[in-house]
Amino acid sequence: MLPFIAVGLVAGVGIAIYKKYNNPQDKVVPVASVSIGKFAIWGRPNAGKTTFINRLLGKATDFQRKEATTAKTVHKFIPFIKIAGTDYKINEIVDMPGTQDRRGDWLELVKSHEHVFYLLNLSRTDSSYMAEVRKDLFETVRALRASGKSRKRINIIASHVDESGWKNINPAEINNILQNDDDFRKLYETIDDVAGYVYAANLTDTENFQRLIESVVKDAIA
């Protein structure tokens, strides 16, 4: 996944190595697992945040039924993500309502968590929605700077591709198209002094989600 700003950053990665040992059962534990760190995830209501988190947690999701997050929840028991024979571990996911009154809580998570994900609904490009998204991202960038961790970046997931004006375009190609869209160019201008990635995804599609999470993990440890 190409960054919207040239990025030469390395995410913090903790590698836990396990040794093979001899015993009567000749048991062998996994050779290695990679700890990615903590995920802070937020977005306006109906941005796909709950679907994204449920996918990460390996939960079955009824995509016809809209679920609204009503309280802050911290998830610590998260299934490993297996890519090319390696297990990757997300240490924590924080989920909370995407309402205006929770923006302050979100900004605190931006400062404390290693990986920052902001979701936006690609099927909504009306001026009022885009203005609120720009405000969220502006404040998120300020919090990133205030964290004192210059290596941190912002990851934007543009969801609901299947309901957007770009639904007939390959999601892998949408990022380049968005960079030439006037509304999204304004978003990029809001965050033009921090590093990050933009991903376009249909979160309800299993194959598309798998490609997304593989890109997210690879970018996180790059």
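None of these values were measured; they are calculated from a predicted model.

A closer look at the environment of Val-110
So, step 1. In this structure, Val-110 sits in helix α2 (residues 103-112).
So, step 2. When the C-alpha atoms of Val-110 and Arg-142 are compared, they prove to be 9.6 Å apart, with 32 residues separating the residues in sequence.
So, step 3. Sequence-distant contacts of Val-110, that is, excluding residues within four places in its chain, are made with Val-116, Thr-140, Ala-143, Leu-144 and Lys-152.

Some thoughts on the packing of aromatic side chains
So, step 1. What the rule picks out here adds up to seven aromatic pairs.
So, step 2. With a centroid separation of 6.1 Å and an interplanar angle of 55 degrees, the aromatic rings of Phe-52 and Phe-117 are classed as tilted. Residue Phe-52 is located in helix α1 (residues 49-57), and its partner Phe-117 is located in strand β6 (residues 115-121); the two are separated by 65 residues in the primary sequence.
So, step 3. Among the residues examined, Phe-52 registers a relative accessible area of 0% and is labelled buried.
So, step 4. Given the relative accessible area of 2%, Phe-117 is considered buried.
So, step 5. Through a chain of ring-to-ring contacts, three or more aromatic side chains come together here, namely Phe-39, Phe-52, Phe-117 and Phe-209.
So, step 6. Geometry around Phe-80 places Lys-89 over its ring, the cationic atom sitting 5.6 Å from the centre.

Quick word on helix α5 (residues 182-190)
So, step 1. Turning to α5, its buried residues are Phe-184, Leu-187, Tyr-188 and Thr-190. Viewed end-on, α5 has its buried residues packed into an arc of 155 degrees, placing them on one side of the element. Away from the buried face of α5 by more than 90 degrees, exposed residues Asp-182 and Glu-189 are located.
So, step 2. On the buried face of α5, the contacting elements are β6, α3 (127-146), α4 (171-178) and β8 (196-200).

Details of unusual backbone geometry
So, step 1. One non-glycine residue, Asn-46, lies in positive phi territory at about 70 degrees.
So, step 2. Note that Asn-46 resides in the loop between β2 (32-43) and α1.
So, step 3. Notably, His-160 is not glycine yet its phi reads approximately 60 degrees, a positive angle.
So, step 4. Tracing the sequence through the fold places His-160 in the loop between β7 (154-159) and α4.
So, step 5. On the basis of relative accessibility, which here comes to 12%, the residue His-160 falls in the buried class.

Some thoughts on the pairing of β8
So, step 1. The buried fraction of β8 is high, at five of five residues.
So, step 2. Going residue by residue along β8, you find Gly-196, Val-198 and Ala-200 tucked away on one face and Tyr-197 and Tyr-199 tucked away on the opposite face as well.

Observations regarding the confidence of the model for the protein chain
So, step 1. On average, residues of the protein chain carry a pLDDT of 81, and 81% of them reach 70 or more.
So, step 2. When pLDDT is averaged over each helix and strand of the protein chain, the minimum, 32, is found for strand β1 (residues 14-17) and the maximum, 95, for β6.
So, step 3. For the stretch residues 1-24, pLDDT sits under 50, and the model shows 60 contacts to residues farther than four places along the chain or on other chains.

A look at the pattern of salt bridges
So, step 1. All chains considered together, the criterion is met by 14 salt bridges.
So, step 2. A salt bridge links Asp-105 to Arg-102, with the shortest nitrogen-to-oxygen separation between them at 3.9 Å.
So, step 3. The exposure class assigned to Asp-105 is partly exposed, which follows from its relative accessible area of 37%.
So, step 4. Between Glu-207 and Arg-211 there is a salt bridge, and its shortest N-O distance comes to 3.0 Å.

So, the environment of Ile-156
So, step 1. With respect to the secondary-structure elements, Ile-156 resides in strand β7.
So, step 2. The buried category is assigned to Ile-156, whose relative accessible area is 3%.
So, step 3. Once the C-alpha coordinates of Ile-156 and Gly-196 are considered, the two residues, 40 residues apart in sequence, prove to be 7.7 Å apart.

Reading the values: the criteria
Residues numbered from 1 in each chain as written. Predicted model: local features only at pLDDT ≥ 70, side-chain atom pairs only at ≥ 80, totals over all residues. Heavy atoms only, no water. Helix = DSSP H or I, 4+ residues; strand = E, 2+ residues; numbered from the N terminus. Contact = heavy atoms within 4.5 Å. Phe/Tyr/Trp six-rings, centres within 6.5 Å; stacked < 30°, edge-to-face > 60°. Buried < 20%, exposed > 50% of the residue type's maximum accessible area, 1.4 Å probe, protein only. Lys NZ or Arg CZ within 6 Å of the ring centre and 35° of its normal. Arc of directions from axis to C-beta. pLDDT = per-residue confidence, 0-100. Salt bridge = Lys/Arg side-chain N within 4 Å of Asp/Glu carboxyl O.

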